[in-house]
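Fold and contact review
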Amino acid sequence: MKIAVLPGDGIGKEVTAEAVKVLRSLAGAGLAFEMTEAIIGDEGIQTVGDALPAKTLELCRAVDAILLGGTGVPADEHRPPSEGAGNGLLRLRRALSLYANFRPVLLYPELLDASTLKPEVVEGVDMLILRELNGDLYFGEPRGISVNAAGEREGINTMRYTESEIDRIAHVGFKAAQKRGRKLCSVDKSNVLETMMLWREVVTRVGKDYTDVELTHLYVDAASMALIRNPRQFDVIVTGNVFGDILSDAAAMLAGSIGMLPSASLGVGNKGLYEPVHGTAPDIAGRNIANPLAAILSVALMLRYSFSLENEAARVEAAVRSVLAAGYRTADIMRPGCRRVSTSEMGDAVVAVLVAGSSRQAVC
Ligand code: IPM
Ligand code: MG
């Protein structure tokens, strides 16, 4: 199993190191992971002047799966989006046609009071946000900042989706719902935007092939409220690139911390890109305090989706659950009475459970 490891910027490096530890601990007994590290993001810009170096893209084309930490640095604020560190990641997703971004939002019962929301609201949250990743405002042309006819500068981005792009993500959404609670909520803004009128029309049409899935539609503004008000109503949410980006950060709080949210980006075939939903958190980078569990849970998604290793995926998830039950907490999910651990100690604790095959003793 060939894996490209792209730690990227900021805490991306720290959390990826822990995810790699977990993968290493699973190797043996017929499992071999060949991991090759490469640069992306600001490191790419600093080293070869490109956020997605040609060598990195070449490696990513050749492997079965990609494990990524994060891209983005404060200096991006002064760079055009097309030259920023995050652009390396966007180009990678697009170059490999990884259009279906799975962002499962699961609240571990141990983290019931880590959320800023009331426990009775978030208890039992278990949903999947499926974000389209190759279209929308992120890639639509024309785009840019130019001087208009009146001599004033204006910024332009284009919200754009083709029928086939909507069709393929809708199918992924319905299939995912069939494997879960058979409910799909499509989120759009079809009351205002033509792109989204087409979105709703195509999703509705695709839905006729999936009579066993209950399809609903919400406007994105209403959906953002519903997520906070009554999140348990959701099973699978399918939405576009921009709305999915925003809603998944909001939904992170349902799981206690964005440090708990993994993601998988898939296209046609089994190749996937696995990364935590969180960013590079420059404010805490280099201090060994970030939560590595989103990165570690992304490894579980990799095992499941790219390598069909369901047993191993479930073992990693169970190990995460077990260290949480034992009271291990990084700063973002800390609560009085628990054992505060660093990024690397959290990674070590997960590995220890995987190696010993047993859980730790509860401390809180
Ligand atoms: C995400 C991130 C990225 C995005 C950034 C880093 C470009 O916010 O994966 O959610 O906007 O897609
Ligand atoms: Mg985001």
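Our subject is the structure listed above.
Described below are features of the structure shown in this document. Computed from a prediction, not measured in an experiment: that's the story for all the values here.

On to the overall build of the protein, then. The helix and strand tally for the protein stands at 12 helices and 14 strands. Taken over the C-alpha trace, the protein has a radius of gyration of 20 Å; the compact-globule value for 364 residues is 21 Å, and the two agree within 12%. The burial tally for the protein puts 52% of its 364 residues in the buried class. Positive and negative side-chain charges in the protein, numbering 38 and 44 respectively, have mean positions lying 4 Å apart.

The next point concerns unusual backbone geometry. With omega at 0 degrees, the peptide bond leading from Glu 141 into Pro 142 counts as cis. For Pro 142, the position within the fold is in the loop between β5 (126-132) and β6 (144-147). Even without a glycine there, the phi angle at Ser 97 is positive, about 50 degrees. Examined against the element boundaries, Ser 97 turns out to sit in the loop between α4 (86-95) and β4 (100-106). Its identity as a non-glycine residue notwithstanding, Ser 308 has a phi of 50 degrees, on the positive side. Position of Ser 308 relative to the elements: it lies in the loop between α10 (293-305) and α11 (310-325). Ser 308 gets classed as exposed once you look at its relative accessible area, which sits at 59%.

Attention shifts here to the side chain of Asp 42. Take Asp 42: it is sitting in helix α2 (residues 42-48). Note on Asp 42: relative accessible area 12%, which makes it buried.

Looking now at the packing of helix α1 (residues 11-26) against helix α12 (residues 343-356). One can describe the packing of α1 onto α12 by two numbers: an axis separation of 9 Å at closest approach and a directional angle of 15 degrees. One finds that α1 runs roughly parallel with respect to α12. In the packing of α1 onto α12, the handedness of the crossing is right-handed. Residues Glu 14, Glu 18, Lys 21, Val 22, Ser 25 and Leu 26 of α1 touch α12, and the partners they reach there are Thr 343, Ser 344, Gly 347, Asp 348, Val 350, Val 351, Leu 354 and Val 355. Taken together, the residues that form the contact of α1 with α12 break down as six nonpolar, four polar and four charged.

Further remarks concern the site of ligand 1. Around ligand 1 sit Thr 71, Leu 90, Arg 93, Arg 103, Arg 131, Tyr 138 and Asp 245, and that is every residue in its neighbourhood. Tyr 138 is positioned such that a nitrogen or oxygen atom in its side chain is 2.5 Å from an oxygen atom of ligand 1. Contact between ligand 1 and Asp 245: an oxygen atom at 2.9 Å from a side-chain N or O atom of the residue. Split by domain, the residues of the shell around ligand 1 number at least three in each of domain 1 (1-107 + 258-364) and domain 2 (116-255).

Another aspect to go through is the nonpolar core. Ranked by internal contacts, the top residues of the largest apolar core, which has 94 residues, are Leu 67, Phe 102, Val 105, Met 127, Leu 303 and Val 350. Of all the elements, α10 adds the most residues to this core, at nine residues. Counting contributing residues per domain, this core is built from domain 1 (1-107 + 258-364) and domain 2 (116-255), each supplying no fewer than three. The contact partners of Leu 303, leaving out residues within four places of it in the chain, are Leu 23, Leu 26, Phe 33, Ser 308, Leu 309, Glu 312, Ala 313 and Val 316. Counting 16 residues, the second largest nonpolar core, distinct from the first, contains Leu 6, Cys 60, Leu 89 and Leu 98.

The description of an aromatic ring pair uses the distance of the two centres, along with the angle that the planes make with each other. Counted under the stated rule, the structure contains four aromatic pairs. Seen in terms of ring centroids, Phe 102 and Tyr 305 are 5.4 Å apart; in terms of plane orientation they differ by 40 degrees. Their pairing is tilted. Linking Phe 102 in strand β4 with Tyr 305 in helix α10, this pair joins segments that are 203 residues apart in sequence. For Phe 102, a relative accessible area of 10% puts it in the buried group. Positioned above the aromatic ring of Tyr 99 is the side chain of Arg 168, whose terminal nitrogen or guanidinium carbon lies 3.9 Å from the ring centre. The ring of Tyr 328 has Arg 339 sitting right over it, with the charged end atom 4.7 Å from the ring centre.

Right, let's talk about the sheet that holds β5 for a bit. Pairing between the strands of a sheet comes from backbone hydrogen bonds, and it takes one of two forms, parallel or antiparallel. The 10 strands are arranged β2-β1-β3-β12-β11-β4-β5-β10-β8-β9 in an open sheet whose pairing can be described as mixed. The open sheet has two free edges, formed respectively by β2 (34-37) and β9 (214-219), since each of these has just one partner strand. With direction set aside, neighbouring strand axes in the sheet form an average angle of 20 degrees. For strand β8 (residues 183-188) and strand β10 (residues 236-239), the ladder comprises four bridges, and the chain directions are parallel. Looking across to β10, one finds that Val 187 is bridged to Thr 239. Sheet contacts for helix α8 (residues 220-229): β5, β8, β9 and β10; angle to β9, the most-contacted strand, approximately 105 degrees. Its contacts with the sheet place helix α9 (residues 241-252) against β4, β5, β8 and β10, and it is angled at close to 150 degrees to β5.

Reading the values: the criteria
- Sequence order as written defines residue numbering, which begins from 1 separately in each chain.
- By the order in which they are written, chains take letters starting at A while ligands take numbers starting at 1.
- It should be noted that, the model being predicted, local features are given only for residues of pLDDT at least 70 and side-chain atom pairs only at 80 or more, the latter also being counted only at that level, while totals for whole chains, interfaces and linings use all residues.
- To obtain the side-chain values, all non-hydrogen atoms of the structure were included, while hydrogens and water were left out.
- Put simply, DSSP H or I for four residues or longer makes a helix, DSSP E for two residues or longer makes a strand, and each gets a number counted from the N terminus.
- We compute the radius of gyration over the C-alpha atoms and compare it with the globule rule, which gives 2.2 Å times the number of residues raised to the power 0.38.
- Each residue's exposure class comes from its accessible area (1.4 Å probe, protein chains only) as a fraction of the maximum for that residue type: buried when under 20%, exposed when over 50%, partly exposed otherwise.
- Residues scored as positive are Lys and Arg, those scored as negative are Asp and Glu, and His as well as the terminal groups of each chain are ignored.
- The location of each charge is read from NZ of Lys, CZ of Arg, CG of Asp or CD of Glu.
- Axis geometry follows a simple rule: fit a line to the C-alpha atoms, using only the stretch in contact for helices, then measure angles between N-to-C directions, giving values from 0 to 180 degrees.
- The labels follow the angle: roughly parallel below 35 degrees, roughly antiparallel above 145, roughly perpendicular from 65 to 115, and oblique for the rest.
- In this scheme the handedness of a crossing depends on how the near helix is turned from the far one: anticlockwise by less than a right angle means left-handed, clockwise means right-handed.
- Residue contacts are counted whenever heavy atoms from the two residues lie within 4.5 Å of one another.
- Basically, the charged four are Asp, Glu, Lys and Arg, the nonpolar ten are Ala, Val, Leu, Ile, Met, Phe, Trp, Tyr, Cys and Pro, and anything else, Gly included, counts as polar.
- Nearness of a residue to a molecule or strand requires only that one of the residue's heavy atoms be within 4 Å of it.
- We define a polar contact as two N or O atoms separated by no more than 3.5 Å, with the added condition that, inside protein, one atom must be a possible hydrogen donor and the other a possible acceptor, whereas residues neighbouring each other in sequence contribute only through side-chain atom pairs.
- Each domain's extent was defined by an automatic or database domain assignment.
- As used here, the term nonpolar core means buried Ala, Val, Leu, Ile, Met, Phe, Trp, Tyr and Cys residues forming a set that is joined through side-chain atoms within 4.5 Å.
- Paired rings are identified among Phe, Tyr and Trp, the last through its six-membered ring, by centres lying within 6.5 Å, and are further divided according to the angle between planes into stacked (under 30 degrees), edge-to-face (over 60) and tilted (the rest).
- Either the NZ atom of lysine or the CZ atom of arginine qualifies as a charge over a ring when it sits within 6 Å of the ring centre and within 35 degrees of the ring normal.
- Pairing between two strands is assigned when DSSP locates at least 2 bridges connecting them.

Keep in mind these values describe shape, not function.
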